[in-house]
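Chain residues, written in single-letter form:
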Amino acid sequence: MIINDPHKLLPQVIYENWKIPEMVLEVPAHGIPLHFKSVEKLLSIANREAKIIVFRPILPVTSKLGLPSYPILAYLYPQNISAIWQRLRQQLETLIQNNTLDNLPCEVVSELDIDEQLYYFADYYGKAINPSYVRVIVGNTCNLKCIMCPYHSPVFKPSHTTEFFQGKKVISWEMMRRLAKDCGEAGIAILIGSVEEPLLHPQLVEFIQLCRQEGVPKVHLTTNGQLLNETRATALLQAGLTSIDISLDAATPETYSKVRGADFHRVESNIINFLKIREQLGIACEVRTSFVRNRDVSAEEEKRFFQRWLTKVDSIFLLNLAEYQETNMRLNQTSEAVASSLQYYQQQAQGRWPCLFPFLEMAVLPDGRIYYCTETLFRLGFDQDIQSLGDYHQQTLQEIWSGDLFQKLRRDLILNQLDKRAACKDCEIWMSHVINREIKDKCQVLTTTITEIYSQAHLKV
C-alpha cells in the first residue's frame, strides 16, 4: 500500500500494521489528525473491496440541519487509477458536495461513534472549520426603547441585574481594525446590530468600508432605521454593506408609537430612500424589513405590513415574540409549519441534538468578551455568570474559536451534559435550525420556530 501522508496525520499504528496491496491511502493537508477508529474503518472496507473510499465526518442530525461540512480527511483508491487521480479527485469533491454520487464506484464514510464525534466536532472542529459569521457588538446603547426589547425597554431594563447596559460602552477602533483583518483573512462574514443601535457608533461606516477592503465577504447591519437618512444610506452603500434588516414591527403610526415610541413616517421614508439610492448607485445590497408579533398587535396589522413591503424589499421577516422569563428567552408561539420536522429530528436524536450556534458563530462584545449565541446575548442584562469563551484583547479569533473553552462547550452539547450551563440547559433556541421551505401566495417562504421569511423571485422598488 502506498501511503501519501506528508503531514503525518495518520496514527502510527497504521504505518506499522496495515498493508493493503495495490491501494493508495491519501491524507489531505487539512491539519486534522485522523482518529485511529476512523482509519480502521476505511481500511476494513478497502480489504473487502477495491474501490474509492472517502472519509468526511458528520455529526448526527446537526449536520443535516446546517452544520458546515467538514473537509474530506482521507481517500483510499486503487493504484491503477493513480495516473488520473488528481483530475478524478476534483470531480469527486464536487459530486460529494452536491450529493450526486449515485451509481459511482465510490463510498463516502461519514458515520462516527461517540469517541470520534467528540474528537472531530469538539477537539478539532475549531481548527477544521471557521465560524460562518461573527457578531460584532459595537455598543450598548439605543435611541429607542421598544416595549419588547430585553436590553432597552422601560419594562425590562429596571429588572437588569448586570451593569452591561449602564453607562455608554463603545467598541474601540483598534478592535474594529483587528476584527476586519481577522475576518477578512479567514473569509468570515460580519453581523452588526444585535443588542444595540449600530448607527450610533461614529465610526460604523469606516468599519464597514475597512471590512470590505480587508476581504470580509459579507457585512450585515440590523437597525431600527430612524437614523438611516440619505447621507448615511449613501455612505453605507458605498462602504460595501451587503445586507440590511430594518426593524418596523408595525404598519401604522399608532402601533409604531406604541411599540417603538418613535416617528413611523421617518423610518418608512428612510427605507424608501435607501431603496432608491441603492438603485441609483447600482449596488447589490439585500434589504429586509421585519415585524415582531407583539402582544396586542392585530393580525390585520401584520397583514398590512406584509402587503406594504413584500413587493418593495427583497424579503420580509415575521418574528414570533421572544421574552426573557425567569431563566431563558421564551417564545410566546412557534410556527406550526415546522412541527412535524421537529418531531422527526427529535426522534432521530432521541431527544435533543447539539445546538448549531457554537459551531456557527461567535459574538465579540465591546469589552473583548466572547459570547456564542443569541440566547447568551439575550441574557446580557440578567445573567452575570455567563462564561466568556475568550478575551479578544489577549487572543486572536482563531485562538478563541479553536480554544479549550469552545471545545468544552461543544463537547457538553454533543454529550447533552448541560446541567452546569444555565444558558443552554433550558434554552429552546437550539430547535430554531429546523427549517420548512415552501411556495405560498406566490412567495418563497422559509419558516423556523422563530421566524417566517417571505421573498419573491422578481421584486421591484
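Placed above this text is the structure.
My aim in this report is to walk through the structure given alongside it, one point at a time. This is a predicted model, so every value here is computed, not measured.

1. Regarding the overall build of the protein
Along its length, the protein carries 17 helices and 18 strands. Here the protein has a C-alpha radius of gyration of 24 Å; the compact-globule value for 461 residues is 23 Å, and the two agree. Projected onto its principal axes, the C-alpha positions of the protein cover 80 × 50 × 45 Å. When each of the 461 residues of the protein is scored for burial, the buried share is 55%. For the protein, contacts bridging at least 24 residues in sequence account for 71% of all contacts bridging at least 6. With an accessible surface of roughly 20,900 Å², the protein has 47% of that area assigned to carbon and sulfur atoms. The averaged location of the 53 negative side-chain charges in the protein is 2 Å from the averaged location of its 48 positive side-chain charges.

2. Here we look at the pattern of salt bridges
Summed over the entire model, instances satisfying the criterion amount to 22 salt bridges. Among the salt bridges present, the one from Glu302 reaches Arg293, with a minimum N-O distance of 3.0 Å. An identical accessibility class is assigned to Glu302 and Arg293; each is buried. With a closest N to O distance of 2.8 Å, Asp412 and Arg421 form a salt bridge. Comparing Asp412 with Arg421 shows no difference in burial state: the two are buried. In this structure, a network of salt bridges that share partners links the residues Glu26, Arg89 and Glu93.

3. Things to note about the pairing of strand 17 (residues 443-447)
Of the two faces of strand 17, only the one carrying Cys443, Val445 and Thr447 is buried; Gln444 and Leu446 on the other face are not. Two strands pair when backbone bridges link them, and strand 16 (residues 436-440) and strand 17 are joined in this way by 5 bridges, in the antiparallel orientation. By the bridge assignment, Lys440 is partnered in strand 17 with Cys443. Counted between consecutive antiparallel strands, the loop separating strand 16 from strand 17 contains 2 residues, among which Asp441 sits at a positive phi close to 55°.

4. Considering the pairing of strand 2 (residues 23-26)
Burial along strand 2 is two-sided: Met23 and Leu25 facing one way and Val24 and Glu26 facing the other are all buried. The sheet contact formed by strand 1 (residues 2-4) and strand 2 spans 3 bridges and is parallel. Across the sheet, Ile3 pairs through a bridge with Leu25, a residue of strand 2. Bridging between strand 2 and strand 4 (residues 74-78) involves 4 bridges; their strand directions are antiparallel. Paired with Leu25 across the two strands is Leu76, which belongs to strand 4.

5. Re helix 10 (residues 264-281)
Over its 18 residues, helix 10 runs 26 Å from end to end, which matches the ideal 26 Å to within 8%, given 1.5 Å per residue. Listed as buried for helix 10 are Phe264, Val267, Glu268, Asn270, Ile271, Asn273, Phe274, Leu275, Ile277 and Arg278. Structurally, helix 10 contributes buried residues whose contacts are with helix 8 (230-239), strand 9 (243-247), helix 9 (253-260), strand 10 (286-293) and helix 11 (299-309). N-capping of helix 10 is provided by Asp263, with a side-chain oxygen placed 3.0 Å from the backbone N of His265.

6. Thoughts on the layout of surface pockets
One simple way to see leftover space: roll a probe sized like a water molecule over the atoms. The volume enclosed by the second largest pocket comes to roughly 350 Å³. Around the second largest pocket, the lining is made up of 18 residues, and of these Arg56, Ile58, Leu59, Ser63 and Lys64 lie nearest the centre. Residue composition of the lining of the second largest pocket, by class: 10 nonpolar, 5 polar and 3 charged.

7. Remarks on the side chain of Ser402
Note that Ser402 resides in the loop between helix 15 (397-401) and helix 16 (404-415). Here the side chain of Ser402 touches Gln398 through a polar contact of 2.8 Å, landing on its backbone oxygen.

Parameters at a glance
- Residues numbered from 1 in each chain as written.
- Predicted model: local features only at pLDDT ≥ 70, side-chain atom pairs only at ≥ 80, totals over all residues.
- Heavy atoms only, no water.
- Helix = DSSP H or I, 4+ residues; strand = E, 2+ residues; numbered from the N terminus.
- Rg over C-alpha atoms; globule rule 2.2 N^0.38 Å.
- Buried < 20%, exposed > 50% of the residue type's maximum accessible area, 1.4 Å probe, protein only.
- Contact = heavy atoms within 4.5 Å.
- Areas by Shrake-Rupley, 256 points an atom, 1.4 Å probe, with all protein chains shown as cover.
- Lys, Arg positive; Asp, Glu negative; His and termini not counted.
- Charge placed at Lys NZ, Arg CZ, Asp CG, Glu CD.
- Salt bridge = Lys/Arg side-chain N within 4 Å of Asp/Glu carboxyl O.
- Pairing = 2+ DSSP bridges.
- Expected span 1.5 Å × (residues − 1).
- Polar contact = N/O pair within 3.5 Å; in protein donor to acceptor, adjacent residues only side chain to side chain.
- 1 Å grid on protein atoms, 1.4 Å probe; cavity = no way out; pocket = protein on both sides within 12 Å on 5 of 7 lines; lining within 4 Å.
- Points joined across faces, edges and corners; volume = space filled by probe spheres on them.
- Nonpolar A, V, L, I, M, F, W, Y, C, P; charged D, E, K, R; others polar.

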